[in-house]
Structures are given as C-alpha cells and as structure tokens.
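# Tertiary structure, described
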Amino acid sequence: MNLLNKDDALSLARLRDVLIRLEDTIIFALIERAQFALNDCTYQPGVYKYDNGSQGSFLEYFLHEMEKVHARVRRYTSPDEYPFTSPLPEPMLPTLDFPPTLHPNKINVNKDIMERYLQDIVPKICAPGDDLNYGSSATRDTECLQALSKRIHYGKFIAESKFMDPTQQKTYIRLIQNKDRDAIMELLTNRTVEAALLRRLRRKALIYGSDITETGEIVTKEDQETPTTSTAANGDKQQHQQQEQSSRKIQADVVVDLYERFVIPLTKEVEVEYLLQRLDGWQIPEESKN
Ligand SMILES: C=C(O[C@@H]1C=C(C(=O)O)C=C[C@H]1O)C(=O)O
C-alpha cells in the first residue's frame, strides 16, 4: 500500500489486502532461509570481534550495519517500517510528507519478534548443523525479520481503521478509558478472517513449497523419484508421504503454526497497545462522547 496516497488509506479491506500480500513475502523469505543450515553460531554473542566494537551476535552486527544504511536513506521515517537495532543515523534525504494516518506512538515489538524468530522459527525451518554460509543465513534472516516486523506492526493501521469506524468508536473509547485490555482484544478479534487466513496460508505454503514441472504440475522431488505403482504397500505410502513432506522447501504445518501461535497474536497485541494509547493527547469529538 502506498502510504503517501491519502485516499482510502485506512480502508480495512485495503489493509487486509496488504496483509494477504505480505503472506507471500513471508513464506518466500522463510523458504529462502530454509536453504541453509541453522548456523547457530551466527546467533551467539561474542563469537567474532567486530569492527564497530559490537559485543552482539553475527546477525546483530549484520542487522545493525544494514539498518544504519537504510536509516540514511530514510527507511525508518516511513510509518510502516520499524528498526531492530539502535542507535541509527539521521536520514541524509529530506523526509517525505506522509499523511498523519496513525496517532503518534512509539510501539515497537521487534525485540519480541527477534526472540520468537530465533527460538521458534529458525530451528523448525532449517536443517540442524553448520554449512559455513553465515552471510547467506544472515541476509535471509534479515529479510524474514523485516517481513514479519512489517506485517505485525501493520496492526497499528488495522487498529486505527477499526477505531475510526463510527459504529465502533464510542465502544472503543469506553474500553480504552477503562483500560479493559481483554474487552478491547475481544472487540478487535475477527475469528472469521483468522480462519480464512490460516486456510489460505496452508494452500500457499503447500504450493510455494513444491516444485512445478514445465507442464505446470505441482510435484515434489519425491514424486519424480518414487515408482508410480499405484499398489504401493501402506508402509511405502506412509514413507512416501513422509519423504514428500521432507522434500518440500518448507512444511505447511510450520507456516500455519507460525501464524497461529506468533504472527496473529503479536499483531493483535500491537492493535491493543496502539488502542490503549489512542486517546492520549486527543480531543474526543462531541459525537463520540459516551
Ligand atoms: C488484522 C486484523 O485484526 C485481527 C488480527 C488478524 C491477523 O493478525 O491476521 C486477523 C483478524 C483479527 O482478529 C483484521 O481484523 O484484519
């Protein structure tokens, strides 16, 4: 979504379309990272001495050096971009005049994103071990982290859109004034959207995670190597299914689980945090007063 485009910037349908497109970005970023081994040493602090004096891990060093350059070209002045590291230099380009879509806030959950990514995601998508591809792992890690961060922080735009819905605003204002987190969470939750997302995500992960022949069939490496006998014993069939699963570039279950247990809950946490500070410094219009 072009955040400089003032028209219809907060339509919930348009925002949801952005989240759907980010599903593709995230799945392909995970597939790219899954090409390389876990390379756990890139996540351990103090393994290398860095020219910037950093005491962190190889990934933290790489991420900080990259974010410094991106900050210089004003990446983090955009309301949908959030850095993982600090301090960062001021932009060398003049800042763009983004429409004031969001209420001023300092919400940044990238620390949680990094923690969950390293603990729950990388070990599930990468083969264990060390293949020395540390630079490749780190570049793919940054792409995964940036895509996850953009998706999860989009919760601010979603929350603003829901807050600006005239049929909901009075209720949100009352719940925010009561600091009723649970009720705010319940009001912003849309289980139908979540269920549809997880179904779509599984299909995407199954398709994106497979190979496509020149005639367009969706196959996995095992299909091309496994005998086509239709009377394969049950044991062979189960083994084939296990091999088929293992030959995919990424396991659909892992992607769905990642969204169900991490991406969606953290997006909603961002929505709740954003709404809880939404009234700060804001004059409640007469028509919205309870
Ligand atoms: C993003 C939204 O808010 C909530 C979070 C969702 C998600 O993270 O995918 C989906 C539906 C809602 O429960 C939305 O309403 O679209």
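- In the nomenclature of an unreviewed UniProt entry, the protein is known as Chorismate mutase of Linnemannia exigua.
- Regarding the protein, the relevant UniProt record gives this comment under Subcellular location (unreviewed entry): "Cytoplasm".
- Under the UniProt heading Pathway (unreviewed entry), the entry covering the protein gives this text: "Metabolic intermediate biosynthesis; prephenate biosynthesis; prephenate from chorismate: step 1/1."

## Thoughts on the site of the ligand
- Around the ligand, 15 residues are found, and the nearest of them are R16, R151, K162, E194 and E271.
- Measuring from an oxygen atom of the ligand, one finds a side-chain N or O atom of E271 at 2.8 Å.
- Notes on the ligand: free accessible area 360 Å², of which the protein chains cover 99%.
- Of all the elements in the fold, those that place two or more residues in the shell around the ligand are helix 1 (12–33), helix 5 (155–163), helix 8 (191–208) and helix 11 (252–276).
- The greatest single-element share of the shell around the ligand, amounting to 4 residues, is contributed by helix 11.
- Partitioning the shell around the ligand into residue classes produces 6 nonpolar, 3 polar and 6 charged.

## Points about a nonpolar patch on the surface
- Nonpolar side chains collect at one region of the surface, where V73, M92 and L93 lie side by side and expose about 250 Å² of accessible area between them.
- Considering the arrangement of structural elements, one finds M92 in the loop between helix 2 (58–72) and helix 3 (110–125).

## Here we look at the packing of helix 1 against helix 11
- Between helix 1 and helix 11, whose axes approach to 11 Å, the crossing angle comes to 125°. Looking at the two axes, helix 1 sits oblique to helix 11. For the crossing formed where helix 1 meets helix 11, the hand is right-handed. When helix 1 is examined against helix 11, the residues L22, E23, I26, I27 and L30 are found in contact with a partner set consisting of V255, L258 and Y259.
- Of the residues contributing to the contact of helix 1 with helix 11, the split by class is 7 nonpolar, no polar and 1 charged.

## Considerations on the packing of aromatic side chains
- Counted according to the given criterion, the structure contains 4 aromatic pairs.
- Centre to centre, the rings of F28 and Y208 are 4.6 Å apart; their planes meet at 20°, and the pair counts as stacked. Of this pair, F28 sits in helix 1 while Y208 sits in helix 8, and the two are 180 residues apart along the sequence.
- Judged by relative accessible area, Y208 falls into the partly exposed class, the value being 22%.

## Details of the layout of surface pockets
- Taken as a whole, the largest pocket spans an internal volume of roughly 400 Å³.
- In terms of residue class, the lining of the largest pocket is made up of 11 nonpolar, 6 polar and 3 charged.

## Considering the nonpolar core
- Grouped together as the largest cluster of nonpolar side chains are 72 residues, with contacts concentrated most on I113, I184, Y259 and F262.
- A per-element tally of this core places helix 11 first, with 15 residues.
- The residues touching Y259, leaving out its near neighbours within four places in the chain, are L22, E23, I26, R151, L197, L198, L201, I264 and P265.

## Focus on the pattern of salt bridges
- In total, this model carries 20 salt bridges according to the counting rule given.
- Notably, a salt bridge pairs K204 with D24, separated by 2.8 Å at the nearest N-O pair. Of this pair, K204 sits in helix 8 while D24 is found in helix 1, placing the two residues 180 residues apart along the sequence.
- Judged by relative accessible area, which is 11%, K204 ranks as buried.
- Ionic pairing is found between D253 and R202, a salt bridge with its closest N-O pair at 2.6 Å. Linking D253 in helix 11 with R202 in helix 8, this pair joins segments that are 51 residues apart in sequence.
- Judged by relative accessible area, R202 falls into the partly exposed class, the value being 33%.
- Connected via shared salt-bridge partners are E23, D24, R200 and K204.

## Let's talk about the side chain of T142
- Structurally, T142 is set in helix 4 (residues 134–153).
- Not counting chain neighbours up to four residues away, the residues in contact with T142 comprise L59, F62, L63 and M66.

Calculation criteria
Residues numbered from 1 in each chain as written. Predicted model: local features only at pLDDT ≥ 70, side-chain atom pairs only at ≥ 80, totals over all residues. Heavy atoms only, no water. UniProt positions renumbered as here; feature names shortened; annotations may be inferred. Near = heavy atom within 4 Å. Polar contact = N/O pair within 3.5 Å; in protein donor to acceptor, adjacent residues only side chain to side chain. Areas by Shrake-Rupley, 256 points an atom, 1.4 Å probe, with all protein chains shown as cover. Helix = DSSP H or I, 4+ residues; strand = E, 2+ residues; numbered from the N terminus. Nonpolar A, V, L, I, M, F, W, Y, C, P; charged D, E, K, R; others polar. Patch = residues over 30% accessible without salt bridge, like charges linked within 9 Å, V, L, I, M, F, W, Y side chains within 5 Å. Salt bridge = Lys/Arg side-chain N within 4 Å of Asp/Glu carboxyl O. Axes fitted to C-alpha atoms, helices over the stretch in contact; angles between N-to-C directions. Parallel < 35°, antiparallel > 145°, perpendicular 65-115°, else oblique. Left-handed = near helix turned anticlockwise from the far one by under 90°. Contact = heavy atoms within 4.5 Å. Phe/Tyr/Trp six-rings, centres within 6.5 Å; stacked < 30°, edge-to-face > 60°. Buried < 20%, exposed > 50% of the residue type's maximum accessible area, 1.4 Å probe, protein only. 1 Å grid on protein atoms, 1.4 Å probe; cavity = no way out; pocket = protein on both sides within 12 Å on 5 of 7 lines; lining within 4 Å. Points joined across faces, edges and corners; volume = space filled by probe spheres on them. Core = buried A, V, L, I, M, F, W, Y, C linked by side-chain atoms within 4.5 Å.

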